[in-house]
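Reading the structure
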Amino acid sequence: MFPKRLSEGYQSFLKGRFHSERSRYQKLAEIGQSPEILIIGCCDSRVSPEVIFDAGPGEMFVIRNVANLVPPCDPDTESSYHGTSAAIEFAVNGLNVKHIVVLGHASCGGIRSFFDGAKPLSKGDFIGKWMSQIEPVAERLGPATGDRQANLKRLELATVEHSLENLMTFPSIRRRVQKGELELHGTYFGVATGVLFLRDPKTGEFNPCLETGIVE
């Protein structure tokens, strides 16, 4: 049976947001989408980009996967499917987005599973294989200190950096960034606090996004 929560939510959507933005939906259906922002976030149910950024329909192109990871550009690997890379390719080359935002977050289950060396949830160990991408990231950070939460946050932030670095391995992205046609941004969301941190591209530091002064 279809979940009652979804049926009720859909009815609320029809009577509320869809009703008030009907003309916008009709326009999007007729002329297609043209978002200027690509968000690469985690599939964690607590970290919805549309909610965090109060976005309307058609405003953002969103890619979500475990731990907001961007694999390096590797089109020659025929044995693998490239879902994230395919979506990035469409957003950049098809939609010509002007901004790519990597949205990391606190309490990331994927990063915690890697940090703890968690047992596979299935024989396929899809999570383990996917998260193995950050092994070099953890190695660069060096030995963990005694503070578990600090270690996890350090790895979460470093994973955002890793995804930004891998974005630059895509020739079309690198070319657009060099021409000033595309900007890359690193962000980190505190689930419990609601605070969004923006990465300063000059220092690599993550600073709170405040109403009085957003870090560019």
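Conventions used here
- Residues numbered from 1 in each chain as written.
- Predicted model: local features only at pLDDT ≥ 70, side-chain atom pairs only at ≥ 80, totals over all residues.
- Heavy atoms only, no water.
- Core = buried A, V, L, I, M, F, W, Y, C linked by side-chain atoms within 4.5 Å.
- Buried < 20%, exposed > 50% of the residue type's maximum accessible area, 1.4 Å probe, protein only.
- Helix = DSSP H or I, 4+ residues; strand = E, 2+ residues; numbered from the N terminus.
- Contact = heavy atoms within 4.5 Å.
- UniProt positions renumbered as here; feature names shortened; annotations may be inferred.
- Pairing = 2+ DSSP bridges.
- Axes fitted to C-alpha atoms, helices over the stretch in contact; angles between N-to-C directions.
- Salt bridge = Lys/Arg side-chain N within 4 Å of Asp/Glu carboxyl O.
- Domains from an automatic or database assignment.
- Buried area = accessible area lost by both parts, 1.4 Å probe.

**Some points on the nonpolar core**
By size, the foremost hydrophobic cluster in this structure holds 24 residues, and its most contacted members are Leu38, Ile40, Ile88, Val97, Ile100, Leu167 and Ile173. When contributions to this core are tallied by element, the ones reaching two or more residues are β1 (37-42), β2 (60-65), α5 (83-94), β3 (99-105) and α9 (148-167). Once residues within four sequence positions are removed from consideration, isoleucine 173 is found in contact with Ile88, Val92, Ile100, Leu167, Met168, Leu182 and Leu184. Counting 10 residues, the second-largest nonpolar core is a separate cluster that includes Cys42, Ile134, Val137 and Leu155.

**Considering the UniProt feature "binding site: Zn(2+)" (unreviewed entry) in the chain**
In the UniProt entry, the feature "binding site: Zn(2+)" (unreviewed entry) is given for Cys42, Asp44, His105 and Cys108. A maximum C-alpha distance of 9.1 Å among these annotated residues, which run over 67 residues, shows that they cluster at one spot. Here histidine 105 is to be found in strand β3. Every residue in contact with histidine 105, bar those within four places of it in the chain, is listed here: Cys42, Asp44, Arg46, Val47, Asn68, Glu156, Tyr188, Phe189 and Val191.

**Details of the sheet that holds β1**
Taken together, the 6 strands give an open sheet; going across it, the order is β2-β1-β3-β4-β5-β6, and neighbouring strands pair in mixed fashion. Each edge of the open sheet is held by one strand with a lone partner, namely β2 and β6 (206-208). Sheet twist, expressed as the mean angle between neighbouring strand axes with direction ignored, is 25°. Across 3 bridges, strand β4 (residues 183-189) lies against strand β5 (residues 196-199) in antiparallel orientation. Within the sheet, the bridge partner assigned to phenylalanine 189 lies in β5 and is leucine 196.

**Comments concerning the pattern of salt bridges**
The full count for this structure, using the stated rule, is 8 salt bridges. In this structure, the salt-bridge partner of arginine 148 is aspartate 116, at a minimum N-O distance of 2.7 Å. With a gap of 32 residues between them, arginine 148 in helix α9 and aspartate 116 in helix α6 (residues 109-116) connect regions that are remote in the sequence. Under the relative-accessibility criterion, arginine 148 is labelled partly exposed at 35%. The exposure class of aspartate 116 is partly exposed, given its relative accessible area of 41%. Of the charged contacts, one joins glutamate 161 and arginine 199 as a salt bridge, the two residues approaching to 2.9 Å between their closest N and O atoms. In this pair, glutamate 161 is assigned in helix α9 and arginine 199 in strand β5, connecting sequence segments 38 residues apart. Through salt bridges with shared partners, a single network forms among Arg17, Glu21 and Arg24.

**Describing unusual backbone geometry**
Positive phi values are uncommon outside glycine, yet asparagine 96 reaches one of about 55°. With respect to the secondary-structure elements, asparagine 96 resides in the loop between α5 and β3. With phi around 60°, serine 107 is a residue other than glycine that occupies positive phi space. Relative to the assigned elements, serine 107 resides in the loop between β3 and α6. Using a relative accessible area of 37% as the deciding quantity, one classes serine 107 as partly exposed.

**Concerning the domain arrangement of the chain**
Its domain assignment divides the chain into domain 1 (1-32) and domain 2 (33-208). Each of domain 1 and domain 2 has a C-alpha centre, and these two points are 29 Å apart. Across the boundary between the two partners, domain 1 contributes 7 residues, which contact 7 residues of domain 2. Surface buried jointly by domain 1 and domain 2 totals about 480 Å² across both partners, of which 55% is contributed by carbon and sulfur atoms. The largest share of the area that domain 1 buries against domain 2 comes from Arg17, Arg24 and Gly32, three residues that together contribute 67% of it. There are 0 salt bridges connecting domain 1 and domain 2.

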